[in-house]
Amino acid sequence: MAGSGKAHLRSSEDVILRVEDLVVEFPARKGQVVHAVSGISFDVARGETLGLVGESGCGKSTTGRALLQLPPPTSGTVTLDGDELTSLEGKAMMRRRTDIQMIFQDPISSLNPRRTISKIVAEPLDVWGPKDEAEQQRLISDILDAVGIDPESAAYKRPHEYSGGQCQRISIARALVMEPKVIICDEPVSALDVSVQAQILNMLEDLKAKYGLTLVFIAHDLAVVKNISDRVAVMYLGKICEIGESDELYASPAHPYTKLLIESHPEPDPHAEVDESVVVGGDIPSPLDPPSGCRFRTRCEFADATCSTDEPQMREVGPAHFVACHHPLRLAQSH
Amino acid sequence: MGVEVLSTDAMSGASDALLTVTDLRTHFHVGEHVVKAVDGVSLTVHKGKTLGIVGESGSGKTVLSRSIMGINTAPNIETSGSVTYNGTELVGSSRSTMRKLWGAEMSMVFQDPMTSLNPVVKVGRQVTEHLRSHQGVSKSEARQAAIELLKWVRIPEPEKRLENYPHQMSGGMRQRVCIAIALACGPKLLFADEPTTALDVTVQHQILNLLSQQQRERDMAMVLVTHDLGVVATRTDEIAVMYAGRVVEQASTSTLFDDMRHPYTQSLFWSIPKTSEPKHTRLSAIVGRPPNLAALPPGCSFAARCPYAQDVCREQAPELQPTEDPSHLFACHLPVGSDEGRRALEVNVQLGLPQAKSAALRATVAGGGR
Ligand SMILES: Nc1ncnc2c1ncn2[C@@H]1O[C@H](COP(=O)(O)OP(=O)(O)OP(=O)(O)O)[C@@H](O)[C@H]1O
Ligand SMILES: Nc1ncnc2c1ncn2[C@@H]1O[C@H](COP(=O)(O)OP(=O)(O)OP(=O)(O)O)[C@@H](O)[C@H]1O
Ligand code: SF4
Ligand SMILES: [Mg+2]
Ligand SMILES: [Mg+2]
């Protein structure tokens, strides 16, 4: 892995978003470069939810932001409904950009504390939305209703008068008001208590059906990602290691890193087997100087000489299930 | 709970009780209000065993741990009840008594390692600070001990790492240092308050393994505080579930999961997505929010969100009481799995309460009443 290649991209499905060879680099001190995202490709079909999962610093948020061109990627392409976003300019870009919206982990700080909830939700409409006041009001009421916020009190209340879960509903409403085709959800439930987290996850599923949305759902919690996603892509140090249909990926992970993640996830089951032997290792290498070949090799129990010289390419290991590893687990097990 | 405080001790064998908490209350006076952060908690920690304390944000887990340790010092605090450690009463005891206990008998690991480490002191020195103050060892002995401690917590190349400042280490490495500091004086009881919440899942797994391993080797008791039912499921002997400043259910770990009686425990469990379930499994969210701790309702504090609640719940606060199994306690008038509970749920389904409908649906899917 942590590999490249595009064998997993689809041509047959109704693909709405396609990302190819996405690279995002940041300048660092002493002329060094942060290799945040290093050549990833994926696609999302209309109406699908793609989960992006991986540990802190693997480049999930950077990928999400690059889709919105915030900032534009160092290289690579992002194609939304046939339009290549990196080549659009000026008005055309601004227009297209409203088709992708993003919601963030920390709902409270992403809402302007001095404005009322109705104003916050209406903000994006001031530029793009219906100019007719009454029509705008109706739209906002409908959307606030759909996310479970009382539209009447939203007219005078401000963010601090709402809980974290309610603020997340409000930021979802603000994203919906532009009638986007795709919503990028960056850890939208990570800061919430589990009871509230369940409310938001259920609501996202309902809104997706109601408005025909396509979601890219970023999170580090494996169970959350599995619950909401049709397909899951596992990231490690700026690369995609494995991508597949959620149930299949969790039932038979092919990448050693995916397996490690799943085994580390604490399942609320007192009878679950826990491997108590691992107490060391596990520090992720620096993105300033990522390992050659497979980026996971410094932590991989199967790593050999090839893994340090050749970068593994995506290959199919099952129906719609792709992995970038020289020694994928299922192939190893079958001989 | 009041006067009829249950002695959890008597029920689970007093002989091996290391720490006994009885009707502990910690209230904060804020302006005209009294925030009842901990409101009548009784529990026992047994020698060499791990007790998990689980609850959502604001349920009082941290205030409880800090009250037991005697490190809640704000002037607006009022603490009552009793905490006995190996027979010594800690509530109201002098600072010097507590100082003798801290580190040597009981110690604590916090969620954010950065807040408990001094950013401008090398970790080698921080690891041995307690040793020096408690046991009066020389400089070279201290260095040797520091290396030994870093080895315990499996830090590679400990000789080099002694010279690091905290910011030169990863989050997981820093938490290992904090654990080393907590273990340095060989405590009999370790409070770990969300020790892995800030860490990545693979690092969390290692740190939990390290804690279990050290706990077994040292025959040390541990209180593992977390909001994550997954973390306590395989790491504890017993679990206490907290809600709004009280323990609402307590049992051995397997009993708690296999035979949960309190509606809150069940609701919490059902609201969590699980990797063992297929994608798009509908989650049972808990409606509403926890009550305001400065204005607790007269009855059960879960009543407003509970699928089972009836008038009795809104009027009378349920006491923590044992089941047929004396080590399994819960505080509920209409417990899960009882006939009264089933009838109450039916009534609420008839009334169209959303939480009741979702619980009833979930119960049929799960099979049986639980
Ligand atoms: N503006 C920036 N300048 C320099 N480095 C950056 C910048 N933004 C991100 N990075 C680095 O890029 C890498 C990927 O970061 P990113 O935030 O995308 O990770 P992530 O997967 O979202 O992590 P988390 O789970 O912690 O949110 C990290 O090493 C991060 O430090
Ligand atoms: N110094 C204080 N003054 C007033 N209220 C306080 C004070 N410290 C804590 N509280 C309140 O006590 C309650 C319990 O807080 P506590 O930190 O114990 O919760 P917790 O269960 O540890 O939550 P978390 O999972 O978020 O850590 C909260 O409502 C909190 O606001
Ligand atoms: S049934 Fe009643 S007592 Fe039991 S949790 Fe629900 S509200 Fe509380
Ligand atoms: Mg991120
Ligand atoms: Mg806490």
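Residues numbered from 1 in each chain as written. Chains lettered and ligands numbered in written order. Predicted model: local features only at pLDDT ≥ 70, side-chain atom pairs only at ≥ 80, totals over all residues. Heavy atoms only, no water.

Enquirer: When you look at the overall build of chain B in this model, what are you seeing that I'm missing?
Expert: Regarding its fold elements, chain B presents 15 helices and twelve strands. A globule of 370 residues ought to have a C-alpha radius of gyration of about 21 Å, and chain B, at 22 Å, matches this closely. Within chain B, the fraction of its 370 residues that count as buried is 54%. Restricting the contact set of chain B to residue pairs at least 6 apart, pairs at least 24 apart contribute 66%. Looking at chain B as shown, the accessible area adds up to about 15200 Å², and 52% of this sits on carbon and sulfur atoms. Put simply, chain B has 37 plus and 37 minus side-chain charges, and the middle of one group is 8 Å from the middle of the other. (Helix = DSSP H or I, 4+ residues; strand = E, 2+ residues; numbered from the N terminus. Rg over C-alpha atoms; globule rule 2.2 N^0.38 Å. Buried < 20%, exposed > 50% of the residue type's maximum accessible area, 1.4 Å probe, protein only. Contact = heavy atoms within 4.5 Å. Areas by Shrake-Rupley, 256 points an atom, 1.4 Å probe, with all protein chains shown as cover. Lys, Arg positive; Asp, Glu negative; His and termini not counted. Charge placed at Lys NZ, Arg CZ, Asp CG, Glu CD.)

Enquirer: Can you help me understand the overall build of chain A in this one?
Expert: If you tally the helices and strands in chain A, you get twelve helices and twelve strands. Against the compact-globule benchmark of 20 Å for 335 residues, chain A has a radius of gyration of 21 Å, which places it among compact chains. Oriented by its inertia axes, the alpha-carbon framework of chain A measures out at about 65 × 50 × 45 Å. A burial count over chain A gives 55% of its 335 residues as buried. Across chain A, every contact between residues at least 6 apart in sequence was considered, and the portion connecting residues at least 24 apart equals 68%. Counting only carbon and sulfur atoms, one obtains 50% of the accessible surface of chain A, whose full area is about 13700 Å².

Enquirer: Which parts of the structure should I look at to understand the interface of chain A and chain B?
Expert: Many authors give the size of an interface as the accessible area that is lost as the parts come together. Every contact between the two is made by 50 residues of chain A and, on the other side, 50 residues of chain B. Summed over both partners, the interface of chain A with chain B buries about 4100 Å², with 52% contributed by carbon and sulfur atoms. When the buried surface of chain A facing chain B is broken down by residue, Pro 268, Glu 276 and Val 279 of chain A rank first, second and third, together holding 16% of it. Linking chain A to chain B there are four salt bridges. Linking Glu 276 of chain A and Arg 216 of chain B is a salt bridge whose minimum nitrogen-to-oxygen distance equals 3.3 Å. Secondary-structure elements contributing two or more residues to the side of chain A that touches chain B are helix H7 (194–211), helix H8 (222–228), helix H9 (246–251) and helix H10 (256–264) of chain A. (Buried area = accessible area lost by both parts, 1.4 Å probe. Salt bridge = Lys/Arg side-chain N within 4 Å of Asp/Glu carboxyl O.)

Enquirer: Is there a simple way to explain the site of ligand 3 in this structure?
Expert: Ligand 3 sits among 13 residues. The nearest are His 262, Cys 300, Cys 306, Cys 313 and Cys 332 of chain B. A per-class count over the shell around ligand 3 returns eleven nonpolar, two polar and no charged. (Near = heavy atom within 4 Å. Nonpolar A, V, L, I, M, F, W, Y, C, P; charged D, E, K, R; others polar.)

Enquirer: Whenever I open this one, the domain arrangement of chain B confuses me. Can you help?
Expert: Taken domain by domain, chain B holds domain 1 (112–186) and domain 2 (257–366). A separation of 45 Å is found between the C-alpha centroids of domain 1 of chain B and domain 2 of chain B. (Domains from an automatic or database assignment.)

Enquirer: Looking at this structure, how should I read unusual backbone geometry?
Expert: Most peptide bonds take the trans configuration, and most residues that are not glycine carry a negative phi. With an omega of -5°, the peptide bond running from Leu 70 of chain A to Pro 71 of chain A counts as cis. Take Pro 71 of chain A: it is sitting in the loop between helix H1 (60–67) and strand S4 (75–80). The phi angle at Asp 23 of chain B is positive, at roughly 45°, despite the residue not being glycine. Along the chain, Asp 23 of chain B turns up in strand S1 (residues 17–30).

Enquirer: What am I meant to see in the sheet that holds strand S4 (residues 77–85) of chain B here?
Expert: The strands making up a sheet associate through backbone hydrogen bonding, with each pair oriented either parallel or antiparallel. Residue and element names in this part refer to chain B. Overall, antiparallel pairing links the four strands, which are arranged S2-S1-S4-S5 in an open sheet. Of all the strands in the sheet, the pair left with one neighbour each is strand S2 (33–46) and strand S5 (88–89). As paired elements, S1 and S4 share eight bridges and run antiparallel to each other. Bridging from a neighbouring strand, Thr 26 pairs with Thr 79 of S4. Where helix H2 (residues 61–69) meets the sheet, its contacts fall on S1, S2 and S4, and the angle it forms with S1 comes to roughly 115°. (Pairing = 2+ DSSP bridges. Axes fitted to C-alpha atoms, helices over the stretch in contact; angles between N-to-C directions.)

Enquirer: What am I meant to see in the packing of helix H4 (residues 133–146) of chain A against H7 of chain A here?
Expert: Working note: a packed helix pair is described by the angle between its axes plus the distance between those axes. All names here are of chain A. Following both chains from N to C, one finds H4 and H7 inclined at 140°, their axes separated by 11 Å at the closest point. Considering the angle they form, H4 stands oblique to H7. Residues Asp 142, Ile 143 and Ala 146 of H4 touch H7, and the partners they reach there are Met 203, Leu 207, Lys 210 and Tyr 211. (Parallel < 35°, antiparallel > 145°, perpendicular 65-115°, else oblique.)

Enquirer: So what exactly am I meant to see when it comes to the site of ligand 1 here?
Expert: Residue and element names in this part refer to chain A. The local shell around ligand 1 holds 13 residues, among which Ser 56, Gly 57, Lys 60, Ser 61 and Thr 62 are the closest. Ser 56 is positioned with one of its side-chain polar atoms (N or O) 2.7 Å from an oxygen atom of ligand 1. Here an oxygen atom of ligand 1 and a side-chain polar atom of Ser 61 are 2.8 Å apart. When isolated, ligand 1 has an accessible area of 630 Å², and the protein chains bury 63% of it. Ranked by residue count, the leading element in the shell around ligand 1 is H1, at three residues. In terms of residue class, the shell around ligand 1 is made up of five nonpolar, five polar and three charged. (Polar contact = N/O pair within 3.5 Å; in protein donor to acceptor, adjacent residues only side chain to side chain.)

Enquirer: How do you make sense of the sheet that holds strand S10 (residues 239–245) of chain A when you look at a structure like this?
Expert: Residues and elements named next belong to chain A. Within the open sheet, the eight strands sit side by side as S6-S7-S8-S3-S9-S10-S12-S11. Their pairing is mixed. Taken across any chain shown, the strands that pair with only one partner, and hence form the sheet edges, are strand S6 (100–103) and strand S11 (315–318). On average, adjacent strands in this sheet sit at an angle of 20° to one another, irrespective of strand direction. Looking at chain direction, S6 and strand S7 (residues 182–186) are connected through four bridges and run parallel. Pairing of Gln 101 across the sheet is with Ile 183, part of S7. Here H1 sits on the sheet and contacts strand S3 (49–53), S6, S7, strand S8 (214–219) and strand S9 (231–236); the angle it forms with S8, its principal contact strand, is near 150°. On the sheet, H10 packs against S9 and S10 and is oriented at approximately 100° with respect to S9.

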